[in-house]
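Structural overview
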Amino acid sequence: KIIREDILSQQEVENMIYTASKIRDKAIISILYLYGCRITECLNLRLRDVHIDTKYIHIKFLVLKRRNKSGLPFKHTIMINRNSPFTQYIIDHVTAFENPDSALFVNDQGRKLLRQEFTRILRKITKNAWPHLFRHTRLTKLAERGANPVQLMAWAGWKDTRPTGIYIQRST
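Residues numbered from 1 in each chain as written. Predicted model: local features only at pLDDT ≥ 70, side-chain atom pairs only at ≥ 80, totals over all residues. Heavy atoms only, no water.

Topic: the overall build of the protein
Under the convention used in this document: In DSSP terms, a helix is any run of H or I states spanning at least four residues, a strand is any run of E spanning at least two, and both are numbered starting from the N terminus. Each residue is placed in one exposure class: buried if its accessible area under a 1.4 Å probe, protein chains only, is under 20% of its type's maximum, exposed if it is over 50%, and partly exposed if it falls in between. Contact definition: two residues touch when any of their heavy atoms are within 4.5 Å.
If you tally the helices and strands in the protein, you get 8 helices and 3 strands. Scanning the protein from its N terminus toward the C terminus, one meets helices and strands in the order α-α-α-β-β-β-α-α-α-α-α. Counting across all 172 residues of the protein, residues that qualify as buried make up 46%. If you take every contact in the protein between residues at least 6 apart in sequence, the share linking residues at least 24 apart comes to 59%.

As for the side chain of T87
Under the convention used in this document: As used in this structure description, the phrase polar contact means that two N or O atoms lie within 3.5 Å; if the pair is within protein, one of them must be able to donate a hydrogen and the other to accept it, and residues adjacent in sequence are counted only when both atoms belong to side chains.
Summarising the element assignment, T87 is placed in helix 4 (residues 87–94). Polar contacts involving the side chain of T87 include one to the main-chain carbonyl oxygen of S84, which spans 3.1 Å. Discounting residues that sit within four places of it in the chain, T87 has contacts with L34, I57, I80, N81 and R82.

Some words on the packing of aromatic side chains
Where we set the bar: Whether two aromatic rings pair depends on their centres lying within 6.5 Å, for rings of Phe, Tyr and Trp, where Trp uses its six-membered ring; planes under 30 degrees apart make the pair stacked, over 60 edge-to-face, and the rest tilted. Look at NZ for Lys and CZ for Arg. If either is within 6 Å of the ring centre and within 35 degrees of the ring normal, a charge sits over the ring.
All chains considered together, the criterion is met by 3 aromatic pairs. Their ring planes at 20° and their centres at 6.0 Å tell us that W158 and Y167 sit as a pair that is stacked. Here R138 stacks its cationic end above the ring of Y33, 4.9 Å away from the centre of that ring.

Quick notes on helix 4
Our working definition: Directions from the helix axis toward the C-beta atoms define the arc.
Considered for burial, the residues of helix 4 that qualify are T87, I90, I91, H93 and V94. In a view along the axis of helix 4, the buried residues occupy a sector of 165°, so they form one face of it.

Things to note about the environment of F118
Note on placement: F118 falls in helix 5 (residues 115–125). In sequence terms F118 and D25 are 93 residues apart; their C-alpha atoms lie 8.1 Å from each other. In contact with F118, other than residues within four places in its own chain, are I28, I29, L32, I39, L43, L113 and P131.

Some details on the nonpolar core
For the record, the criterion: In these notes, a set of buried Ala, Val, Leu, Ile, Met, Phe, Trp, Tyr and Cys residues joined through side-chain atoms within 4.5 Å is what counts as a nonpolar core.
Core analysis: the largest hydrophobic core is formed by 41 residues, its most contacted members being I28, I29, I31, Y35, F105, F118 and F134. Residue assignment for this core shows that the elements contributing at least two residues are helix 1 (10–19), helix 2 (23–35), helix 3 (39–43), strand 2 (56–67), strand 3 (73–81), helix 4, helix 5 and helix 6 (131–144). No other element matches the 8 residues that helix 2 contributes to this core. In contact with F105, not counting residues within four places along its chain, are R24, A27, I28, I31, C42, L43, L45, H93, R111, K112 and L113. In terms of nonpolar packing, the next biggest core, distinct from the first, is built from 9 residues, A143, A147, L152 and Y167 among them.

Concerning the state of the cysteines
The criterion, for reference: Any pair of cysteine sulfurs within 2.5 Å is marked as a disulfide.
In the structure shown here, the tally under the stated rule is 0 disulfides. Sulfur of C37: no disulfide; nearest cysteine sulfur belongs to C42 and is 4.7 Å away. Classification of C37 by relative accessible area gives buried; the value is 3%. According to the relative accessible area criterion, C42 is buried, its value standing at 0%.

Thoughts on the side chain of E117
Convention followed: His is not counted, nor are the chain ends, whereas Lys and Arg count as positive and Asp and Glu as negative. One speaks of a salt bridge when a side-chain nitrogen belonging to Lys or Arg is within 4 Å of a carboxyl oxygen belonging to Asp or Glu.
Along the chain, E117 turns up in helix 5. Buried charged residue E117 carries no salt bridge. Nearest counter-charge: R120, at 5.0 Å.

Describing the confidence of the model for the protein
Note the cut-off: Think of pLDDT as the predictor's per-residue confidence, scored from 0 to 100.
Across the protein, the average pLDDT comes to 90, with 94% of residues at 70 or higher. Here strand 2 stands out as the least confident element of the protein, with mean pLDDT 80; helix 5 is the most confident, with 97.

A few points about the pattern of salt bridges
A full pass over the atoms with the stated rule returns 5 salt bridges. The closest approach of N and O atoms between E41 and R38, which form a salt bridge, is 2.5 Å. Each of the two residues, E41 as well as R38, counts as buried. Between D160 and R162 there is a salt bridge whose closest N-O contact spans 2.6 Å.

Here is the structure:
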């Protein structure tokens, strides 16, 4: 169970990014923190899922835990202001790719980075975080800033507002 003290501060995330040796790992940490996506949603990203314009970074996540009426996974787009902290790591990493079908996050062998591989990388950076904690952190911070259950539901890509209660409760 997540308690308030587990929620990451911006300073803790900055320290993780500073400690990470590869731009890939800095970009993953940035996406997890800013977007609050699940680790598999992040690691499944391809270049075509990311659009960078003059004001925002738009990322289209394939939400694996939710299906549309035809039974296909749900696509969920979230945009972040380019002036938000850590966005430059995302921009630097994404602009290194040309093929729209390229997996954004690959391991040293050139294959898509696996959830377990990133968990090991994160454990080397810090013992106090795990990939899903970034999602809990983002949703708690949104609730702290006054997001209502419908807004949290939309951000997280959920079907209903039931899961939002723990974040609203944790934020008070």
